[in-house]
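Residues per chain, in single letters:
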Amino acid sequence: MKYLKTNPSLCKGIKACEKTCSKAFFKVEDPEKSAIRVKQTDSGFEINVCNQCGECIPICPVKALSRNKQGVVMLDKKLCVGCLMCVGYCPTLSMRTHPDLREPFKCVACGICARACPEKALEIAEK
Amino acid sequence: MDENKVFEYTRYTEGIETMKAAHKVLAEYAFTPSLPQKGYNNRSLHIDLGTLKFTEKKIGEDMKKTFTGGRGFGLKYLWDAIKPTTRWNDPENDIIISPGPICGITQYPGAGKSLVVALSPITNIPIDSNVGAYFGPLLKFSGFDALEIQGKAKADVIVVIDGVKGKVTIETAPQESLDSHVAAEQFTHQYATDEADLRNVSVVSAGAAAAHSLIGCLNFSYYDVRRKVTRLKQAGRGGIGTVFRDKKIKALVVHGPQVKGDMNHPADLGRIQRAGVKLHKEMHDFDDKMCTMRKVGTTNIVSVMDAYDLLPVMNFQYGSHPDTKNIDKTMWVQQFTQGIPDGCWYGCSMACAHGVDEFALRTGPYKGHKVIVDGPEYETAAGCGSNCGIFDPLWVIECNFYCDTYGIDTISFGTITGFIMECWQRGILNAERTGGLDMSWGKGESQLELMHQMARGEGFGLIAGQGVQRMKKIFSDQGWGDYAFLNDIGLEGKGLEQSEYMSKESLAQQGGYYLTNKGPQHDEAWVIFMDMVNNQIPTFEDKAEALYYFPMFRTWFGLNGLCKLPWNDIEPGDNRTKNAPMDAAKVPEHVQNYVDLFSGVTGREITKEEIIKMSERVYQFQRVFDLRMGKGTRKYDQPPYRAMGPVTKEEYESRQERYDKQLMDWMQIDPAGKSTEEKMALHRKYREDRYQKLVDAVYRRRGWTSNGIPTLETLKRNGIDFPEVVATVLPHLSESEVREVRAAYTVDKKEIKNKISKTKDKKPASKKTVKQDKKNKPKIKDKKPAVKKAKPTPKKGKTIKKIPAKKKPAKKVIVKKKTVQKLVKKIKPKAKRTVKKAAAKKPVKKPKKK
Ligand code: SF4
Ligand code: SF4
Ligand code: SF4
């Protein structure tokens, strides 16, 4: 199962990942529209992103969430009714929502941010 | 649950294309489909089945401001559609389905409700029923904020609203089933374009028994994409299904566009999203610790009710039973399929709409079929289960299934069957009188047979279908039992069967039930815990405040197309620590969510206080509507004694310790040496007096006269002092108020003219004088008796002419003699069956004492 593996101890808070992710999917540099979020804590940085656990899949009333061949949890916008139950039920709160957007969004493990991170704090991995 | 599980059900789709080909289109209407803007389409659709005419009605700002939507629109349309003399089976009776402005949002739990309003066959006053599933939202996304159906078809028809094509048709549908689990599946598959489209079709139907009883319900359907089956939710109360079948409607079908998260075009989507995610998260974090709604739905309270002696057992004689464990949540968690989204509309993370899957039926025309049973919910488990002494979950499930598919209200049916069984226990009924049905406690099979008779329109089922109020009269008229006793033990008010909570030890709940607009129904106020268990509202004024606030607050759900459950069946984690107990009961943070939802959808900023105001307008209007139809006075707000205290010796003695203690604590009377009868009489007097004091306090708080009539001031404060409304209350007002009306109605001529043009009913009510309620004279003196010389002599006759001086008295005879004879004759005793009177008095398993 493919997923974006994070190594927060390497993170310096540059937030290149947030910018590239939102740019790649929504054509803006806006952390609110990024699937990955970096937050400063007392001891360093915390990286929050979907780990592809799949707990949201059975929550969806219309089967809009499913795993693709690589095991990545994908959201089918055609089926989605924007109910946001998956957002409230994500154990790591990594399913995102934005007032401009009808449907929620999440990390699809594309790896763009991993390539953008100068500190190599992110990588696409298997588990 | 395994994501890929395939459910095996009996299917009813074979031959549906041939069936559809047999439809004949009787009338067709083209409209421009639209999506709501800020929650409203600003139009409704009126269909007359008699003349086959379609009319679009504009909904203006005034209408939205006064009535908001949902139940408010329904009541307004019904008021305009009928006259004070209208009875339920007159063609002008109007069935209104209205979803409300918030309805259809997908982000917040419980936002897919439709409100159904009609003149009830069982109460002859307006009834409103709140129902889930997809019809209301899809109607709204087709372009209408309400659907009105008036008139009667000549033969069975269906109405199909296609919100994609912009077409409404009235069609014959001779071959499809009447029974809802079949009809919903057949019509859903007929009108969906392909499998992915199934979820965009919803069907409203009743069932075979709705036409043979006065307690018919409506089933609203939705397609469950995970189970791949149509599901049913019920607009249960008050017999709307009976009206539906009287109009010869087989089904209403709506086919809407694919639903998305912004179909209401809300003013502020982000605000709704934030509230929604917050609630989903609370469900995720706390449901397992709080109500376990996601696992067992409303059945979570069966055991709680039993523990507090509040579960109706054997026609509300007792409050608990040793066998309750067989029908409590420990059983339902096994019966209900777990781990599957069970919301009755998208986004309901509370997901209480559970189902028993692949249930093999044991009786009736569908014997052997494997079906999904929607429920049981608490009310069904308690009403059709414990209240009938039935503690076998399989019978409860079977009863639930047939009630739904036949179109029968499970609550009324449960209360009716409990009443019948007690009549059997006491020898009022026997096998000869029931046509051979053994109606002893616990007889699940007999209960089902009664239901099948109702569906076939035969036997004792026909009598049962008349409801408790009429049965009281029928049984006493036949000389089978004493009316006063029957009246004491039959749980109904205004003709509606009481829902399933024991109110004996909660005075406030007695008011919560019997001081309601439509009859004893817990959707207005459920204050048992606050009152009895937590003792948070000790004084009459406290109770009156609760019976003001909660009914008003809860009315608001029905105005907006919302479900009540996500309001307080889940709470923020700190609700109880952050707020004082009485405030905590209101769940302030959730009330704020509702403010955000309303403002977020409509763009109209409201406050928490405005919520109460919006509701009160409609609530008071409905009260006046009751009055207009001949009820709505103090006389009709009286409970049967069983709802207030122990009617029989057994009841008293089963809880003797409690009642004896109350004699000392409440009445300072030493019970020693007194017979049970003497003690019961003391209790009765005390409890009945106490109820009247509550009534006084509640009426005062609601701004009503001591006869229960909203005062002029109340109408004005609520902005509903329309001429017709004022005219309705006028004969009941004080001299000074009458003078005020005269003055007001001549001063502002323009405004009155405006208001008059908005009302339709031009005929004044019948001139017969109102008989003061002599028989049921309230114990507390009416300080403002109805003014008899109320006929005003205004300067400007034009406006006042519309005010009828006197109202038509309520119909006294509740069942026509002829009807009764016909019904009783239809009970055919099974051959050679002898009446076993002794059996009727067999001792029953003693309920446990608390
Ligand atoms: S928001 Fe979309 S993907 Fe998430 S649960 Fe709802 S319908 Fe499914
Ligand atoms: S892997 Fe792709 S989708 Fe996931 S956070 Fe990085 S850029 Fe966004
Ligand atoms: S809580 Fe239950 S009844 Fe209410 S909307 Fe959700 S599923 Fe429907």
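About the cut-offs
- Residues numbered from 1 in each chain as written.
- Chains lettered and ligands numbered in written order.
- Predicted model: local features only at pLDDT ≥ 70, side-chain atom pairs only at ≥ 80, totals over all residues.
- Heavy atoms only, no water.
- Helix = DSSP H or I, 4+ residues; strand = E, 2+ residues; numbered from the N terminus.
- Rg over C-alpha atoms; globule rule 2.2 N^0.38 Å.
- Buried < 20%, exposed > 50% of the residue type's maximum accessible area, 1.4 Å probe, protein only.
- Areas by Shrake-Rupley, 256 points an atom, 1.4 Å probe, with all protein chains shown as cover.
- Lys, Arg positive; Asp, Glu negative; His and termini not counted.
- Charge placed at Lys NZ, Arg CZ, Asp CG, Glu CD.
- Contact = heavy atoms within 4.5 Å.
- Pairing = 2+ DSSP bridges.
- pLDDT = per-residue confidence, 0-100.
- Near = heavy atom within 4 Å.
- Nonpolar A, V, L, I, M, F, W, Y, C, P; charged D, E, K, R; others polar.
- Polar contact = N/O pair within 3.5 Å; in protein donor to acceptor, adjacent residues only side chain to side chain.
- Axes fitted to C-alpha atoms, helices over the stretch in contact; angles between N-to-C directions.
- Parallel < 35°, antiparallel > 145°, perpendicular 65-115°, else oblique.
- Left-handed = near helix turned anticlockwise from the far one by under 90°.
- Buried area = accessible area lost by both parts, 1.4 Å probe.
- Salt bridge = Lys/Arg side-chain N within 4 Å of Asp/Glu carboxyl O.

Student: Which residues make up the overall build of chain A, and what are the values?
Tutor: A count of helices and strands for chain A gives 3 helices and 6 strands. Mapped in sequence order, the helices and strands of chain A form the string β-α-β-β-β-β-α-α-β. Expected size for 127 residues packed as a compact globule is a radius of gyration near 14 Å; at 14 Å, chain A falls within 12% of this value. Along the first, second and third principal axes, the C-alpha set of chain A runs to 40 × 30 × 25 Å. Burial status across chain A gives 46% buried among its 127 residues. Split by element, the accessible area of chain A, about 6300 Å² in all, is 53% carbon and sulfur. Distance between charge centres in chain A, computed from 21 positive and 13 negative side chains, equals 6 Å.

Student: Mind laying out the overall build of chain B, listing which residues take part and the relevant values?
Tutor: On a plain count of helices and strands, chain B comes out with 36 helices and 17 strands. For chain B, the proportion of its 850 residues judged to be buried stands at 67%. Excluding contacts between residues fewer than 6 apart, the proportion of contacts in chain B whose partners are at least 24 apart in sequence is 74%. Per element, the accessible surface of chain B, about 29700 Å² overall, is 52% carbon and sulfur.

Student: Which residues make up the pairing of strand β7 (residues 147-150) of chain B, and what values go with them?
Tutor: Residue and element names in this part refer to chain B. Both faces of β7 are covered, namely the face carrying Leu 147 and Ile 149 and the face carrying Glu 148 and Gln 150. As judged from the 4 bridges shared by strand β2 (residues 43-48) and β7, these two strands associate in the parallel manner. Within β7, the residue paired with His 46 across the bridge is Glu 148. Pairing geometry for strand β4 (residues 95-98) and β7, over 3 bridges, is antiparallel.

Student: With reference to specific residues and values, describe the confidence of the model for chain B.
Tutor: All names here are of chain B. Averaged over all residues, the pLDDT of chain B equals 90, while 89% of them reach at least 70. Note on residues 751-813: pLDDT is under 50 here. Beyond four places in sequence and across chains, it has 108 contacts. Note on residues 830-843: pLDDT under 50 across the span, and 14 contacts to partners over four residues away in sequence or across chains. For this predicted complex, the interface score ipTM comes out at 0.97, alongside a pTM of 0.91.

Student: Let's hear about the site of ligand 1: which residues, and what values?
Tutor: Around ligand 1 sit 13 residues in total, of which A:Cys60, A:Cys80, A:Cys83, A:Leu84 and A:Cys86 are the nearest. Looking at the shell around ligand 1 residue by residue, the classes come out as 12 nonpolar, 1 polar and no charged.

Student: An account of the side chain of A:His98 is requested, with residue identities and associated values reported.
Tutor: Mapped onto the secondary structure, A:His98 falls in the loop between α2 (85-89) and α3 (112-116). Residue classification places A:His98 among the buried positions, given a relative accessible area of 9%. Of note is the side chain of A:His98, whose polar atom sits 3.0 Å from the backbone nitrogen of A:Asp100. Residues contacting A:His98, with those up to four places away along its chain left out, are A:Asp30, A:Glu32, A:Lys33, A:Phe105 and B:Gln273.

Student: Please provide a residue-by-residue account of the packing of helix α19 (residues 507-514) of chain B against helix α29 (residues 676-702) of chain B, values included.
Tutor: Residue and element names in this part refer to chain B. With their axes 10 Å apart at the nearest point, α19 and α29 run at an angle of 60° to one another. In terms of their interaxial angle, α19 and α29 are classed as oblique. In the packing of α19 onto α29, the handedness of the crossing is right-handed. Taking contact as the criterion, the partners of Leu 507, Gln 510, Gly 511 and Tyr 514 in α19 are, on α29, Arg 690, Tyr 691 and Leu 694.

Student: Describe the environment of B:Tyr641, naming the residues involved and giving the relevant values.
Tutor: Residue and element names in this part refer to chain B. Tracing the backbone through its elements, the reader meets Tyr 641 in the loop between α26 (608-628) and α27 (649-654). Sequence separation between Tyr 641 and Arg 684 is 43 residues; the distance between their C-alpha atoms is 8.0 Å. Residues in contact with Tyr 641, not counting those within four places in the same chain, are Asp 488, Pro 646, Val 647, His 683, Arg 684, Arg 687 and Glu 688.

Student: Tell me about the pairing of strand β3 (residues 44-48) of chain A, and please be specific about residues and values.
Tutor: Residue and element names in this part refer to chain A. By the bridge criterion, 5 bridges tie strand β2 (residues 37-41) to β3 in an arrangement that is antiparallel. What sits directly across from Val 38, in β3, is Ile 47. In textbook terms, the turn of a hairpin is the stretch between consecutive antiparallel strands, and for β2 and β3 this stretch comprises 2 residues.

Student: Lay out the environment of B:Met350 in plain terms, naming residues and giving numbers.
Tutor: Residues and elements named next belong to chain B. Within the secondary structure, Met 350 sits in the loop between α10 (329-335) and β14 (355-360). Owing to a relative accessible area of 2%, Met 350 belongs among the buried residues under this scheme. Counting along the chain gives 331 residues from Met 350 to Ala 681, while the straight-line C-alpha distance between them is 46 Å. The contact partners of Met 350, leaving out residues within four places of it in the chain, are Pro 109, Met 283, Met 293, Arg 294, Leu 565, Pro 566, Asp 569 and Ile 570.

Student: Tell me what's going on with the site of ligand 2, and back it up with residues and numbers.
Tutor: Taken together, A:Leu4, A:Cys21, A:Phe25, A:Ile36, A:Val49, A:Cys107, A:Val108, A:Ala109, A:Cys110, A:Gly111 and A:Cys113 make up all the residues around ligand 2. Of the residues that constitute the shell around ligand 2, the class distribution is 10 nonpolar, 1 polar and no charged.

Student: Tell me about the interface of chain B and chain A, residues and numbers included.
Tutor: At the junction of the two partners, chain B supplies 25 residues and chain A supplies 26 residues. Summed over both sides, the interface between chain B and chain A buries roughly 2300 Å², with carbon and sulfur atoms accounting for 58% of that surface. The interface formed by chain B and chain A includes 2 salt bridges. At the boundary of chain B with chain A, the tally comes to 16 residue pairs in polar contact (both at pLDDT 80 or more). Along the lines of polarity and charge, the residues of the side of chain B that touches chain A split into 8 nonpolar, 10 polar and 7 charged.

Student: Quick one: what's the story with helix α1 (residues 16-26) of chain A, residue by residue and with numbers?
Tutor: Residues and elements named next belong to chain A. Burial in α1 covers these residues: Ala 16, Cys 17, Glu 18, Cys 21 and Ser 22. Taken together, the buried residues of α1 touch β2, α3 and β6 (122-126). In the stretch just after α1, Lys 27 is the one whose phi turns positive, near 60°.

Student: Account for unusual backbone geometry, naming residues and giving values.
Tutor: Of note, the amide linkage connecting B:Gly375 to B:Pro376 takes the cis form, showing an omega dihedral of 0°. Here B:Pro376 shows up in the loop between β15 (370-374) and α11 (378-385). Even without being a glycine, A:Gln52 presents a positive backbone phi close to 60°. Mapped onto the secondary structure, A:Gln52 falls in the loop between β3 and β4 (65-67).

Student: Give me the lowdown on the side chain of B:Ser202, citing residues and values where you can.
Tutor: All names here are of chain B. Locating Ser 202 in the fold gives a position in strand β10 (residues 201-205). Residue Ser 202 is classed as buried on the basis of its relative accessible area of 0%. A polar side-chain atom of Ser 202 sits 3.1 Å from the main-chain amide nitrogen of Phe 135. A distance of 2.7 Å separates the side chain of Ser 202 from the backbone oxygen of Ser 221, its partner in a polar contact. Setting aside chain neighbours within four positions, we find Ser 202 in contact with Tyr 134, Phe 135, Leu 138, Ser 221, Leu 252, Val 253 and Val 254.

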